[in-house]
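Coordinate inspection notes
So you can see what is in the structure, the chains are spelled out below.
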Amino acid sequence: MEFLDSLIEVTTISTIGNIASVLGLVITVAGFWIAIRGIQKTKQAAQHAREAVEEVRKDMHQFTSISELATAISSMEEIKRLHRQEAWNILPDRYSALRKSLISIRTAYPDLTDSQKATLQGAISQFTTIEKQVETALATDKPLKVARLNSLVTKEVDSLVELLEEIRSHIGG
Amino acid sequence: MVSDKTVSLVQQVLARTQEGKLEWEETAQEGKYQVSFPKYTITISTRGTQDPDVVDYVLGIHNQDGTLIDRVTDPELQDQVDGAYAMMSEIFNTARGQALGIEQALDELLNSLSKLAPPAQEEDEIPF
């Protein structure tokens, strides 16, 4: 009888111990799961933060490109005024500075589409040709056609304004 | 000797120009037209020869700085391409037409003129 009592006692204690062990295991597993979920959420939050920072960086980049394009457009308008004034001697430097500015925009903003890059390339080539024409005219004392030159510059202005609006429309989206 | 790549380039420029897929534009040099790509510009122009009634056609390739890096003329192509002169002439004339808006002008004028034309009489209409 004593043996039986002992056996029952041991069995009960053992069962309680087993139950406690299982409960402990369940709690541990649950704890791990909660910890892993927490880590995943933290990781996701970090990823979202990185993406948000990248979007802000892109938007700032686009703002910079818009600003530089606006400056280039102003330079072109100034060039047209100088054409009307026939200030040929100072124009080659203006053409050269404008071309460098356009090359810089194209290099600094790699997200431009091929069509947008082609627009910039077209303007660069156009002003290279204009510069050569003016340099030749200065060397040979040949007259230049202001109306024709300004018509070509106006076309480039229009193309760049369009490009600027395209970039502006992509900011924040 | 012109490279095979250059020959292929000229043929492709002709094909795409005829298809209306290239946006040719005027340049500051009269008689010279350009079409731009992301990193390069192609130009087409003429140059005089010893015969005042004959011109050579010149196709140029310009890099990202606008500097001429290569060019080919129809006499240079003749050894490798049959009808090189006709090919380059076609590029030039089509590019010129597009750059100056000649085709568009002709289409619009023809449209306007056709609207002014008297209505066609029916064959069995009795005039009195």
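Okay, so let's go over this structure. (Residues numbered from 1 in each chain as written. Chains lettered and ligands numbered in written order. Predicted model: local features only at pLDDT ≥ 70, side-chain atom pairs only at ≥ 80, totals over all residues. Heavy atoms only, no water.)

By the element assignment, Glu26 of chain B lies in strand 1 (residues 25–26). Within the local environment of Glu26 of chain B, its side chain forms a polar contact with the side chain of Arg148 of chain A, the two groups lying 3.1 Å apart. If we ignore the near neighbours within four places in the chain, the residues touching Glu26 of chain B are Gln126, Arg148, Leu152 and Lys155 of chain A together with Lys32, Tyr33, Ala99 and Leu100 of chain B. (Helix = DSSP H or I, 4+ residues; strand = E, 2+ residues; numbered from the N terminus. Polar contact = N/O pair within 3.5 Å; in protein donor to acceptor, adjacent residues only side chain to side chain. Contact = heavy atoms within 4.5 Å.)

Okay, the nonpolar core next. One broad trend across soluble globular proteins is that nonpolar side chains are buried collectively. With 33 residues, the main nonpolar core has Leu69, Met76, Leu102, Leu120, Phe127, Ile130 and Leu160 of chain A as its most contacted residues. With nine residues, the top contributor of residues to this core is helix 4 (residues 146–169) of chain A. Excluding residues within four positions of it along the chain, Leu69 of chain A makes contact with Ile105, Leu120, Leu160, Leu163, Leu164 and Ile167 of chain A. Formed by 23 residues, the second largest nonpolar core is a distinct cluster that contains Val10, Ile44, Leu77 and Met87 of chain B. (Core = buried A, V, L, I, M, F, W, Y, C linked by side-chain atoms within 4.5 Å. Buried < 20%, exposed > 50% of the residue type's maximum accessible area, 1.4 Å probe, protein only.)

Side-chain pairs of opposite charge can arise whenever the charged atoms involved come near each other. Applying the stated rule across the entire model yields 12 salt bridges over all chains. Ionic pairing is found between Glu165 of chain A and Arg168 of chain A, a salt bridge with its closest N-O pair at 3.2 Å. Placement of the pair is Glu165 of chain A and Arg168 of chain A together in helix 4, with a separation of three residues, close to one helical turn. For Glu165 of chain A, a relative accessible area of 42% gives the class partly exposed. Of the charged contacts, one joins Lys21 of chain B and Glu19 of chain B as a salt bridge, the two residues approaching to 3.5 Å between their closest N and O atoms. The network of salt bridges with shared partners includes Glu78, Arg81 and Arg94 of chain A. (Salt bridge = Lys/Arg side-chain N within 4 Å of Asp/Glu carboxyl O.)

This paragraph deals with the packing of helix 1 (residues 4–18) of chain B against helix 3 (residues 84–99) of chain B. Residues and elements named next belong to chain B. At a minimum axis distance of 10 Å, the contact between helix 1 and helix 3 shows a crossing angle of 40°. The orientation of helix 1 with respect to helix 3, classified from their angle, is oblique. Crossing geometry of helix 1 relative to helix 3 is assigned as left-handed. Contacts from Val10, Gln11, Val13, Leu14, Thr17 and Gln18 of helix 1 reach helix 3 at Met87, Met88, Glu90, Ile91, Thr94, Ala95 and Gln98. (Axes fitted to C-alpha atoms, helices over the stretch in contact; angles between N-to-C directions. Parallel < 35°, antiparallel > 145°, perpendicular 65-115°, else oblique. Left-handed = near helix turned anticlockwise from the far one by under 90°.)

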